[in-house]
Amino acid sequence: VVKSSGNIGKTCDAEVTSPGNAYNAITVGNYDDMGTCGTADDVINPGSCYGDPESPHGDRQKPEVAAPGTNITTLDTSGSTT
């Protein structure tokens, strides 16, 4: 199962949302590449949940992966950029 980590408002220091907090789920966070080619300035978007779920050994970190998700230029159905 792959799921977004969750997006709650402008800032989210909350736990990753269900079902992404399950042991067998891979969660994907949203990061901002700041419009640059380098990775030194990339940051997790503050609205993307990243809080680790509780575990008996404190060994679960979420999200497992992150993908560009902020300031994405795309086309709408008319062919205009949005």
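Residues numbered from 1 in each chain as written. Predicted model: local features only at pLDDT ≥ 70, side-chain atom pairs only at ≥ 80, totals over all residues. Heavy atoms only, no water.

Engineer: When you look at the environment of Ser55 in this model, what are you seeing that I'm missing?
Structural biologist: Summarising the element assignment, Ser55 is placed in the loop between strand S3 (43–44) and strand S4 (65–68). Distance in space between the C-alpha atoms of Ser55 and Tyr23 is 9.4 Å, their sequence separation being 32 residues. (Helix = DSSP H or I, 4+ residues; strand = E, 2+ residues; numbered from the N terminus.)

Engineer: Where do I start with the environment of Thr36 in this structure?
Structural biologist: As for its placement among the helices and strands, Thr36 is situated in the loop between strand S2 (26–32) and S3. Each C-alpha atom of the pair Thr36 and Pro53 lies 32 Å from the other, and the pair is 17 residues apart in sequence. From its side chain, Thr36 meets the backbone oxygen of Gly38 in a polar contact 3.4 Å long. (Polar contact = N/O pair within 3.5 Å; in protein donor to acceptor, adjacent residues only side chain to side chain.)

Read these as geometric descriptors, not functional statements.
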